[in-house]
Amino acid sequence: MIPPASHDSTALVLRRIFPASRQRVFRAWIEPKALEHWLRPRGMSMTVRSLEVRVGGSFSFALENGRSIVGTYLHIAPPEKLVFTWSDAATQDWETIVTLDFLDRGPQTEVVLTHEGLSDPDLRALFGSGWSSLLDALDSLLSAHLDF
């Protein structure tokens, strides 16, 4: 994995290559069963409360510690791009923007994750660590070829 780099003072950029097609990697970001398997901060359980994968649709995830992650889909272009807002306790419920670009690398897929609106260096570091951990979990899911 390439270490996090910011292209401006508010953005975090991570790049990761996964052992799966773009369609499968894209689906892992929009299928409740897949999300509940890998999108679990610090190993907590997570439940998908709602998931409306359409432009203007929203999502709500409940963490076992009582906190929530919520957002709205801004752009969806399967299997190339996914853009959504992200709000949680760490952002003090301010909306940030996450953009995912899914790049075809033959039998693999490179994902470029850009998280914008993280103006505090400590917050960028927190999300850099958190996203890296989540991408490791996504890699495990895709490598295990589990059905979702």
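The structure under discussion appears in the preceding block.
Residues numbered from 1 in each chain as written. Predicted model: local features only at pLDDT ≥ 70, side-chain atom pairs only at ≥ 80, totals over all residues. Heavy atoms only, no water.

Trainee: What's the story with the overall build of the protein in this structure? I'm lost.
Mentor: Broken down by element type, the protein carries 3 helices and 8 strands. In the protein, the succession of α and β elements from N to C terminus is β-β-α-α-β-β-β-β-β-β-α. Since a compact globule built from 148 residues should have a radius of gyration of about 15 Å, the 14 Å found for the protein is in line with a globular shape. Each principal axis of the C-alpha atoms in the protein carries an extent, and together these give about 40 × 35 × 30 Å. Burial analysis of the protein (148 residues in total) assigns 45% to the buried set. Taking as baseline every contact in the protein between residues at least 6 positions apart, the subset at least 24 positions apart corresponds to 43%. Taken as a whole, the protein presents about 7,300 Å² of accessible surface, with 51% of it coming from carbon and sulfur. Treating the 14 positive side-chain charges of the protein as one cloud and the 18 negative ones as another, the clouds have centres 4 Å apart. (Helix = DSSP H or I, 4+ residues; strand = E, 2+ residues; numbered from the N terminus. Rg over C-alpha atoms; globule rule 2.2 N^0.38 Å. Buried < 20%, exposed > 50% of the residue type's maximum accessible area, 1.4 Å probe, protein only. Contact = heavy atoms within 4.5 Å. Areas by Shrake-Rupley, 256 points an atom, 1.4 Å probe, with all protein chains shown as cover. Lys, Arg positive; Asp, Glu negative; His and termini not counted. Charge placed at Lys NZ, Arg CZ, Asp CG, Glu CD.)

Trainee: In this structure, what is going on with the layout of surface pockets? I would like to understand it.
Mentor: Taking a probe equal in size to a water molecule and rolling it over the atoms shows the remaining empty space. Each pocket or cavity is described by its volume, and for the largest pocket that value is around 400 Å³. Residue lining of the largest pocket: 20 residues in total, with Pro 41, Arg 42, Asp 88, Ala 90 and Phe 127 positioned closest to the centre. Ranked by the residues each element gives to the lining of the largest pocket, the list is headed by helix α3 (residues 121–143), at 7 residues. Here the lining of the largest pocket is composed, by residue class, of 11 nonpolar, 5 polar and 4 charged. (1 Å grid on protein atoms, 1.4 Å probe; cavity = no way out; pocket = protein on both sides within 12 Å on 5 of 7 lines; lining within 4 Å. Points joined across faces, edges and corners; volume = space filled by probe spheres on them. Nonpolar A, V, L, I, M, F, W, Y, C, P; charged D, E, K, R; others polar.)

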